[in-house]
Amino acid sequence: MFYLQNNATSLHRNLLILGVFTLFLILGIRLYQLQIVDYKRFAGIAEANRIRVVTQPAPRGIIYDRNGQIIVDNKSQYNVNLIPFEVDKNDSGYSLLSHILNIPESEIRRRVKKNWRGRFLPLRIAEDIDFETLTELEERRFELPGVMYSLEPIRSFPSRANLSHVLGYLREINKEDLQMIKNYGYRSGDLIGWKGVEREYESILRGKRGFDYVQVNVYGQEVGKVRDRHNVESQFGNDLYLTIDIGLQAYAEQLLEDKKGAAIVMDAKTGEILAIVSKPDYSPGLFSGIVESDVWNELLNDAERPLYDRAIQGTYPPGSTFKIVAVLASLEENILDPETTVRCRGVYKLGRREFKCWKEIGHGRMNLFDAVVNSCNVYFYTLVRKMDVSLWATYAGKFRFGELTKVDLYGESQGILPDEPFLDNKYGKGGWSEGNKLNLVIGQGDLLVTPLQMVRFTGALATHGKLATPHLGLEYMEHGTNRFQRFAFSSADSIRSISASSWEFVEKAMYDVVNSKTGTGRAAKVRGLDVYGKTGTAQNPHGEAHSWFIGYSKYGNRTLAITVLIEHGGSGGGEAAVTARQIFSYCQKNLPKETDVKEVTVR
Amino acid sequence: MRKSIQIGSSISNSNYLIALTVFLLCVAGLMALYSASLHVEASFFKKVIGKQLLWMILGVITMFAIFLLQKKFLFDGAFIFYWIGIAMVVLPYFFGSSAASTNRWFVLGPFHFQPSEFMKILVIVAVARYLSGSDLIISDFKSLIMPLLLALLPMGIVLKQPDLGTSIIYFMLVFPMLIWAGARIYHLFIVLAPVISIITAFNFYSFFIWVLILIVVLYFSKERIWVAIILFVFNLSLGFLTPVLWNRLKPYQQNRIMTLFNVNADPLGSGYQVIQSQVAIGSGGLFGKGIGNGTQTHLKFLPEQHNDFIFSVIGEEYGFVGVIVVLFLFFILISLLISVAYRLRDRFSSLVVIGVMSVLFFHVFINIAMTVGLLPVTGLPLPFLSYGGSFIISCFLMVGLVFNISLERRR
């Protein structure tokens, strides 16, 4: 009954077979395209799928003082990062995280918003978590997809001294800078030395990051090592040795505590800076990792300007300390016989204008030597009348005032050394007069110097004309070879055009400033140590005069040059000289008399 | 008589070849499942590969069990079986387990049945029964209505589960059977036209090209002019209305339709599964990465790897050579089924074999086209290779049905 004739024709059969064959052919062609033609592309994607490159951060080099005491070290910090996309998918993600980190959920969400970089990009929500928190995070890892922690080396500052301005700090590299230095292997998010030594010696301190190749599954969980790729170990940065003597530095910082000002101690022969203080400063620990913007803003907006490095950036009138320049000019150019005396009645009249000496009743009759010891203004007014500004500026220029010292710190100011073109430019030709000259000779007027320039000047006086480049980098130890490499600074220039007799004259006068009964710098006298010095009291429009003291002392094979500046500290013979005495005293007791020239050694 | 014996023996030769091909495909599937089982710490029969082997054995047993069925019984009861099947497919809506929040499963003791898989066979039998009716005039357009309704009813039910893949199979399997029965290609074109109109309407250029094709076909169809105009206007307005209606739908309604076309809800955004599948296949290259070395597979980048995407595992681990072998085996299987259907003298038997051929072929084509990114993901398994109890048993049942029907005469 149902054995009916099948009316399918061979056309039907062939049609179906042809259709099937065609569709199979399409699949075959597609497979050929995927597996043969595009093989390389897909193999690459598959490879990228399975391999995650984990960056091993490279610790920066350690910074030591000249005696091998650690100033800046590294420590490990665990930070918590999350990928918003992953955590958002998890209903209890934020509350669990809040519970573990002990941070309110709203605060976590605030940080997510603040540090937002994109839905799929990890952002930081907590720093420096303790070990317990870390353990809990690790235990509950599978409940918290998209949450991870990273180990990052950060800076730590174990030393007693702050040394904040010198050390500088690290900062996350910004986009513009990244463009410039991309070729050096920096990547977005890297920390880079931004100020101070960290910036100046970036290439030495910086380590080389390593890479671990990890095989991950689709959930991003590590499932093993990659067989055919070798991990690259991260390399430490080189250790840096500074010229700083950390004990002296800490002591000097303590002396200037609660004051505003700067103090510098430099080896006059080599330019090595043993101590450099700028107060007020800040704790370098604030900058150990990535700086929170509120901390940063607080520092920036502080009226006391703690970020401002008074020692190298601050420019001040040098006051009477600058009279030495006129002394040398007079002696060399035979402007006035040193024995010629000038009577000081406390005031000098120029036309109708009166120029006062600091001692109102006057110094009486003074020769050049006495005028230096007593810092008599009237003598120098008289002297400078016989000089033109260019001559004076030439002598000041021999000490490179108005120029950068080329210290190995970022952001140095160059100050102002007014010469004729400068005055012409500022006041117009003929717009300035003898009065400007009178101000300049006592270190006032348009003249501006940095404490760093002053310490170099002091060093030149101490060494009879050697102008060393002040610096803080002593040497570094090459990582791996452990070989010490000393930094080469341009050898000190000598001021040859000044005769020995003039140097000696100044030296004797500076000795008497400190050691004679009438010397203005008597407060700097140290028993058992020959201290040479000059005080300065710089009038300024902002309030009480700045107190200056420059001085040096020789003992053993060392010549130490010191500059102290106390903003609004009053007379230079007072606060600045006292501070200088304390520093000299400390050096006398604590510094080795001989500098040990470090040999290139292998440790 | 002599001739019929010859035919019979050549059919039985074909059947041996079909059995061999099925066996080789099962081996290929087990080889791919072996990879998926590599890292599972469990006894053999708890692993995917072990369970699959058990299902296959069960499949072979049911395949022999179906030999007890008389063809006459099948022919006479075709519509009764069909309605019983419909009842079974509807049943999960009331008693089913809501595995994966779909109403596909029917729990019977330890077994989870998917009645919709077996329903395919019942649709084949019912359609074949209708098309072999002695008073049927196949060249008449009206003869197409009943087979289409027989397919559309379970299609609608399954679509609501939602199981887009299976419902597409119900719809598609009818067309080769109609062609085989001698229906006019033009009629089939008219039936498919509204579907194409709706799909192409979402893109202006595709709709434009479709309208051109429509005009050309209608012009050459020798159709009465007013019928041609009605058909044209109907399809055209359908195309214009679709975007309008779509935009008037509420977003949740749109979403409901969208999920229908994206049954394996895509967790990581559009096309993730297809991309990972293509990466797996593409990175396999000519010879593949070797058993157990497929990183896409073992690092779980490849989704549904023992199920809908098993072909990608073969592509990754056995390479172009491996997939071409599998593709060739499927082509052989389909061709053998067509040749068996061709040689069967009896219209009903022949149509059942074509129905089986259609189901297997559309499964193979849609599944592989999906893994290589030629078709959207609809969630159809690959016959004899994909893991899954109901499906593998239904595949064996279909092959068993072919053996039974083609050897009936000799018994």
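Visitor: Please give an account of the overall build of chain B that cites residues and values.
Guide: Counting its regular elements, chain B contains 16 helices and two strands. Considering only residue pairs separated by 6 or more positions, chain B has 71% of its internal contacts joining residues 24 or more positions apart.

Visitor: Quick one: what's the story with the overall build of chain A, residue by residue and with numbers?
Guide: What chain A contains, in helices and strands, is 21 helices and 23 strands. Within chain A, the fraction of its 603 residues that count as buried is 42%. Across chain A, the fraction of contacts at a sequence separation of at least 24, relative to all contacts at a separation of at least 6, is 71%.

Visitor: Can you lay out the interface of chain B and chain A for me, pointing to particular residues and giving the numbers?
Guide: Taken together, the contacts link 44 residues of chain B with 34 residues of chain A. At the level of elements, helix 7 (164-181), helix 12 (272-282), helix 13 (295-298), helix 14 (310-343) and helix 15 (347-371) of chain B are the ones that each hand at least two residues to the side of chain B that touches chain A. Broken down by element, the residue count for the side of chain B that touches chain A peaks at twelve residues, all from helix 14 of chain B. Looking at side-chain class alone, the side of chain B that touches chain A contains 26 nonpolar, 14 polar and four charged residues.

Visitor: I'd love a proper account of the environment of Tyr184(A), names of residues and values included.
Guide: Residue and element names in this part refer to chain A. Note on placement: Tyr184 falls in the loop between helix 8 (175-181) and strand 7 (191-193). In this structure Tyr184 comes out as exposed when scored by C-beta crowding, with 10 C-beta atoms within 10 Å. Between the alpha carbons of Tyr184 and Ser203 there is a distance of 9.5 Å; along the sequence they are 19 residues apart.

Visitor: Please give an account of the nonpolar core that cites residues and values.
Guide: Residues Leu242(A), Ala252(A), Ile264(A), Val265(A) and Trp392(A) are the most contacted members of the largest nonpolar core, which totals 120 residues. Membership of the second largest hydrophobic core comes to 113 residues, among which are Met56(B), Ile124(B), Val353(B) and Phe365(B).

Visitor: Give me the sheet that holds strand 23 (residues 558-566) of chain A: which residues, what numbers.
Guide: Residues and elements named next belong to chain A. The five strands lie next to each other as 12-11-23-22-21, forming an open sheet whose pairing is antiparallel. Each of the sheet's edge strands pairs with one partner strand only, and the pair in question is strand 12 (273-279) and strand 21 (531-540). Pairs of neighbouring strands in the sheet enclose a mean axial angle of 10°, with direction left out of account. Bridge analysis of strand 21 against strand 22 (residues 543-555) gives nine bridges, and the strand direction is antiparallel. Within strand 22, the position partnered with Thr537 by the bridge is Ser547.

Visitor: Outline the pairing of strand 11 (residues 261-267) of chain A, supporting the account with residue identities and numerical values.
Guide: Residue and element names in this part refer to chain A. Burial analysis of strand 11 places seven of its seven residues in the buried class, the great majority of the element. Side-chain alternation along strand 11 places Gly261, Ala263, Val265 and Asp267 on one buried face and Ala262, Ile264 and Met266 on a second face that is also buried. One ladder, built from six bridges, connects strand 11 with strand 12; its direction is antiparallel. Paired with Ala263 across the bridge in strand 12 is Val277. Following strand 11, the chain reverses through five residues before pairing antiparallel with strand 12; Gly271 in that reversal takes a positive phi of roughly 85°. Examined bridge by bridge, strand 11 and strand 23 share seven bridges and lie antiparallel to one another.

Visitor: Go over helix 9 (residues 204-220) of chain B, please, and point to the residues and values.
Guide: Note on helix geometry: an α-helix contains 3.6 residues per turn, so any two residues three or four positions apart are oriented the same way. Residues and elements named next belong to chain B. With 17 residues, helix 9 should cover 24 Å at 1.5 Å per step; its first-to-last C-alpha distance of 25 Å lies within 8% of that length. By the burial criterion, the buried members of helix 9 are Phe207, Trp210, Leu214 and Leu218. Here the buried residues of helix 9 occupy an arc of 65° about the axis, which is enough to place them on one side. Residues Tyr205, Phe208, Ile209, Leu212, Val216, Tyr219 and Phe220 are exposed on helix 9 and point more than 90 degrees away from its buried face. Positive phi appears at Lys222, one or two residues downstream of helix 9, with a value of about 60°.

Visitor: Account for the environment of Trp55(B), naming residues and giving values.
Guide: All names here are of chain B. Tracing the chain through its elements places Trp55 in helix 2 (residues 48-65). With 18 C-beta atoms packed within 10 Å, Trp55 lands in the partly exposed category. Linking Trp55 and Ile392, residues 337 residues apart in sequence, is a C-alpha distance of 6.9 Å. When neighbours within four sequence positions are excluded, Trp55 is seen to be in contact with Gly389, Ile392 and Ile393.

Visitor: Would you mind going over unusual backbone geometry in detail, with residue names and values included?
Guide: The amide bond that connects Lys279(A) to the next residue, Pro280(A), takes the cis arrangement and shows omega of -5°. Of note, the phi angle at Asp258(A) is positive, near 65°, even though the residue is not glycine. Here Asp258(A) shows up in the loop between helix 11 (246-255) and strand 11. Of note in this structure, Phe384(B) is not a glycine but carries a positive phi near 70°.

Visitor: Any details on the packing of helix 11 of chain A against helix 21 (residues 572-590) of chain A? Residues and values, ideally.
Guide: All names here are of chain A. Interhelical geometry of helix 11 versus helix 21 gives an angle of 155° and a closest axis separation of 10 Å. Taken together, the axes of helix 11 and helix 21 lie roughly antiparallel to each other. Of the two possible hands of crossing, helix 11 and helix 21 adopt the one that is right-handed. Along the contact surface, helix 11 presents Gly247, Leu248, Tyr251, Ala252 and Leu255, while helix 21 presents Thr579, Gln582, Ile583, Tyr586, Cys587 and Asn590. Counted by class, the contact of helix 11 with helix 21 contains seven nonpolar, four polar and no charged residues.

Visitor: Talk me through the environment of Ile125(A); I want residue IDs and the actual numbers.
Guide: Residue and element names in this part refer to chain A. Looking at where Ile125 falls in the secondary structure, it is placed in strand 4 (residues 123-126). Along the backbone, Ile125 and Val112 are 13 residues apart, and their C-alpha atoms lie at a distance of 6.6 Å. Here Ile125 is in contact with Val80, Asn81, Leu82, Ile108, Arg111 and Val112, once residues within four sequence places are set aside.

Visitor: Break down the packing of helix 1 (residues 10-37) of chain A against helix 14 of chain B for me, with residues and values.
Guide: What describes two packed helices is the angle between their axes and the distance between those same axes. Between helix 1 of chain A and helix 14 of chain B, the least distance of the axes is 10 Å, while the angle of their chain directions is 175°. Compared by their axis directions, helix 1 of chain A and helix 14 of chain B come out roughly antiparallel. Listed contacts from helix 14 of chain B to Arg13(A), Leu16(A), Ile17(A), Val20(A), Phe21(A), Phe24(A), Leu27(A), Gly28(A), Leu31(A), Tyr32(A), Gln35(A) and Ile36(A) of helix 1 of chain A are Gly315(B), Gly319(B), Phe320(B), Val323(B), Ile324(B), Leu327(B), Phe331(B), Ile334(B), Ser335(B), Ile338(B) and Tyr342(B). In the contact of helix 1 of chain A with helix 14 of chain B, the residues fall into 17 nonpolar, five polar and one charged.

Visitor: So what's going on with the confidence of the model for chain B? Which residues, and what values?
Guide: Residues and elements named next belong to chain B. On average, residues of chain B score 82 in pLDDT, and 84% of them are at 70 or above. Across residues 1-5, confidence stays below pLDDT 50; counting only partners more than four residues off in sequence or on other chains, it has zero contacts. In this model residues 263-270 is a low-confidence stretch, pLDDT under 50, and it forms 13 contacts with partners more than four residues away in sequence or in other chains. For this predicted complex, the interface score ipTM comes out at 0.87, while the overall pTM is 0.63.

Scoring rules and cut-offs
- Residues numbered from 1 in each chain as written.
- Chains lettered and ligands numbered in written order.
- Predicted model: local features only at pLDDT ≥ 70, side-chain atom pairs only at ≥ 80, totals over all residues.
- Helix = DSSP H or I, 4+ residues; strand = E, 2+ residues; numbered from the N terminus.
- Contact = placed C-beta atoms within 7 Å.
- Buried ≥ 20, exposed ≤ 12 C-beta atoms within 10 Å, placed from the backbone.
- Nonpolar A, V, L, I, M, F, W, Y, C, P; charged D, E, K, R; others polar.
- Core = buried A, V, L, I, M, F, W, Y, C linked by C-beta atoms within 7 Å.
- Pairing = 2+ DSSP bridges.
- Axes fitted to C-alpha atoms, helices over the stretch in contact; angles between N-to-C directions.
- Expected span 1.5 Å × (residues − 1).
- Arc of directions from axis to C-beta.
- Parallel < 35°, antiparallel > 145°, perpendicular 65-115°, else oblique.
- Left-handed = near helix turned anticlockwise from the far one by under 90°.
- pLDDT = per-residue confidence, 0-100.

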